[in-house]
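Spelled out from the first residue to the last, the chains are:
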Amino acid sequence: MVRRILAVFAGVIAASICIWAIETINHLMFPYPDGIKPNDMEGFKAYVQTLPFLGKFMVIIGYAVGALVAGFISTKISKDGKPTAAIICGIVFLVFTIYNMTVLPTPIWFWILGVLVWTLVLAGYKLALNKE
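Since this is a predicted model, take the numbers as computed values, not measurements.

Participant: How would you sum up the overall build of the chain? Please name residues and give values.
Facilitator: In terms of regular secondary structure, the chain is built from six helices and zero strands. Along the chain, from the amino end to the carboxyl end, the secondary structure elements read α-α-α-α-α-α. With the C-alpha coordinates aligned to their principal axes, the bounding extent of the chain is approximately 50 × 25 × 25 Å. Residues classed as buried in the chain amount to 35% of the 132 residues present. Looking at the chain alone, contacts between residues at least 24 apart form 80% of all its contacts between residues at least 6 apart. Averaging the positions of the 10 positive and the 6 negative side-chain charges in the chain gives two centres separated by 14 Å.

This is the structure:
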């Protein structure tokens, strides 16, 4: 049980790092407007709304990489051959993703991909099993 809990934490941390790295690249490609403050939610909403397709799609790419990594890492660490840890990681990120999509102006295609992408934790799970 402790191993599975640690596996979930490791999967969430690894996925978070992947998402952060890809979103950092995204912000280099599409920088914040001058004068935006870290706590300026209205300014951030305006920034998201004006992002081109690629800027929004890069977020989905980050989620996809994060999902694969979370599924892979959590499965490797749990070492029980079950998808439980990977699924829990996917649910955790799905909740955060839905929250983000409700507070930020995101188009319908982003909602669809933003929900579906977290099923990739199962692909990460399968990859981890194939590598044993």
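From this point, things continue past the structure.
Participant: Quick rundown of the packing of helix α3 (residues 53-78) against helix α4 (residues 84-103)? Include the residues and the values.
Facilitator: At a minimum axis separation of 8 Å, α3 and α4 run at an interaxial angle of 150°. The angle between the axes of α3 and α4 places the two elements in the roughly antiparallel class. For the crossing formed where α3 meets α4, the hand is right-handed. Across the interface between the two elements, Tyr63, Ala70, Gly71, Ser74, Thr75 and Ser78 of α3 pack against Ala85, Ala86, Cys89, Thr97 and Asn100 of α4. When its residues are assigned to classes, the contact of α3 with α4 shows five nonpolar, six polar and no charged.

Participant: Before we move on, could you go through the environment of Ala85 and cite the residues and values that matter?
Facilitator: By secondary structure assignment, the location of Ala85 is in helix α4. In the structure, Ala85 is positioned 54 residues away from Pro31 in sequence and 35 Å away in space, judged by C-alpha atoms. Beyond its immediate stretch of four places on either side in the chain, Ala85 contacts Arg4, Ala7, Val8, Ser74 and Ser78.

Participant: Tell me what's going on with the nonpolar core, and back it up with residues and numbers.
Facilitator: Counting residues in hydrophobic clusters, the biggest one holds 20 residues, and the most contacted among them are Tyr63, Phe110 and Trp118. Elements with a minimum of two residues in this core: α1 (2-29), α3, α4 and α6 (121-130). The element that contributes the greatest number of residues to this core is α3, accounting for six residues. If sequence neighbours within four positions are ignored, Trp118 has contacts with Ile19, Tyr63, Gly66, Ala67, Gly90, Phe93, Leu94 and Thr97.

Participant: Could you give me a rundown of the packing of α4 against helix α5 (residues 108-116), with the residues and numbers involved?
Facilitator: α5 packs onto α4 with a crossing angle of 170° between their chain directions and a minimal axis gap of 9 Å. By the angle class used here, α4 and α5 are roughly antiparallel. The crossing of α4 and α5 is right-handed. Of the residues in α5, those touching α4 at Leu94, Thr97, Ile98, Met101 and Thr102 are Phe110, Trp111, Gly114 and Val115. A breakdown of the residues in the contact of α4 with α5 according to their chemical character gives six nonpolar, three polar and no charged.

Participant: Would you mind going over the environment of Pro107 in detail, with residue names and values included?
Facilitator: Secondary-structure assignment places Pro107 in the loop between α4 and α5. By relative accessible area, which is 24% here, Pro107 ends up partly exposed. For the pair Pro107 and Ala70, spaced 37 residues apart in sequence, the C-alpha to C-alpha distance is 26 Å.

Participant: An account of α3 is needed here, citing residue identities and associated values.
Facilitator: Along an α-helix, residues three or four positions apart point the same way, because every turn accommodates 3.6 residues. Taking 1.5 Å of rise per residue, 26 residues should cover 38 Å, and α3 covers 37 Å from first to last C-alpha, within 8% of that figure. Positive backbone phi, approximately 50°, marks Lys79, located one or two places after α3.

So, how was this worked out
- Residues numbered from 1 in each chain as written.
- Predicted model: local features only at pLDDT ≥ 70, side-chain atom pairs only at ≥ 80, totals over all residues.
- Heavy atoms only, no water.
- Helix = DSSP H or I, 4+ residues; strand = E, 2+ residues; numbered from the N terminus.
- Buried < 20%, exposed > 50% of the residue type's maximum accessible area, 1.4 Å probe, protein only.
- Contact = heavy atoms within 4.5 Å.
- Lys, Arg positive; Asp, Glu negative; His and termini not counted.
- Charge placed at Lys NZ, Arg CZ, Asp CG, Glu CD.
- Axes fitted to C-alpha atoms, helices over the stretch in contact; angles between N-to-C directions.
- Parallel < 35°, antiparallel > 145°, perpendicular 65-115°, else oblique.
- Left-handed = near helix turned anticlockwise from the far one by under 90°.
- Nonpolar A, V, L, I, M, F, W, Y, C, P; charged D, E, K, R; others polar.
- Core = buried A, V, L, I, M, F, W, Y, C linked by side-chain atoms within 4.5 Å.
- Expected span 1.5 Å × (residues − 1).

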